[in-house]
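For reference, the chains in residue letters:
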Amino acid sequence: MSRWALWRKRPPAADGAQPSVAPRPRRPVQLYVPLDALQVVLAWLLPSGAVVVAALGQFALALVLLAVAWGVWLRLWRSRKKRRAAQQATH
């Protein structure tokens, strides 16, 4: 908001024209093309943080399920081994 209230008059502008601002030297457009391409390549190659966390979570879940499956298989194998030993002992 302007600091001048509606009932106050603004100070007169000097010469009625805005002072000319020296133009900045423009950078060539060719400089930005490789940088834009690099940004696109990095966006494709480097995943965001959420993607990395989700991938690590999936990997951890796979390891847990693998450990559970290994435990179940080991338990079944041992019980089968015990049953065979018990059958051979009775015969």
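Structure: see above.
This structure is a prediction, so every number in the text was calculated from the model and none was measured.

Participant: Can you lay out the overall build of the protein chain for me, pointing to particular residues and giving the numbers?
Facilitator: Of the regular secondary structure elements, the protein chain holds 2 helices and 0 strands. When each of the 91 residues of the protein chain is scored for burial, the buried share is 0%. As presented, the protein chain carries roughly 9700 Å² of accessible surface, and 67% of it is formed by carbon and sulfur atoms.

Participant: Mind laying out a positive patch on the surface, listing which residues take part and the relevant values?
Facilitator: Taken together, the side chains of Arg75, Arg78, Lys81 and Lys82 make up a positively charged region of the molecular surface. Looking at the element boundaries, Arg75 is found in helix 2 (residues 49–90).

Participant: For the packing of aromatic side chains, give the residues involved together with the corresponding values.
Facilitator: Tallied over the entire structure, the rule returns 2 aromatic pairs. Ring centres of Trp73 and Trp77 lie 6.1 Å apart, and the angle between their planes is 5°; on these two criteria the pair is classed as stacked. Of this pair, Trp73 and Trp77 both sit in helix 2, separated by 4 residues, roughly a single helical turn. Classification of Trp73 as partly exposed rests on a relative accessible area of 47%. Given a relative accessible area of 41%, Trp77 falls into the partly exposed group. An aromatic cluster is defined as three or more aromatic residues linked by ring pairs; in this entry it consists of Trp70, Trp73 and Trp77.

Participant: Go over a nonpolar patch on the surface with me, naming the residues and quoting the values.
Facilitator: Taken together, Tyr32, Leu35, Leu38, Val40, Val41, Leu42, Trp44, Leu45 and Leu46 make up a surface patch of nonpolar side chains, about 960 Å² in accessible area. Note that Val41 resides in helix 1 (residues 32–45).

Reading the values: rules and limits
Residues numbered from 1 in each chain as written. Predicted model: local features only at pLDDT ≥ 70, side-chain atom pairs only at ≥ 80, totals over all residues. Heavy atoms only, no water. Helix = DSSP H or I, 4+ residues; strand = E, 2+ residues; numbered from the N terminus. Buried < 20%, exposed > 50% of the residue type's maximum accessible area, 1.4 Å probe, protein only. Areas by Shrake-Rupley, 256 points an atom, 1.4 Å probe, with all protein chains shown as cover. Patch = residues over 30% accessible without salt bridge, like charges linked within 9 Å, V, L, I, M, F, W, Y side chains within 5 Å. Salt bridge = Lys/Arg side-chain N within 4 Å of Asp/Glu carboxyl O. Lys, Arg positive; Asp, Glu negative; His and termini not counted. Charge placed at Lys NZ, Arg CZ, Asp CG, Glu CD. Phe/Tyr/Trp six-rings, centres within 6.5 Å; stacked < 30°, edge-to-face > 60°.

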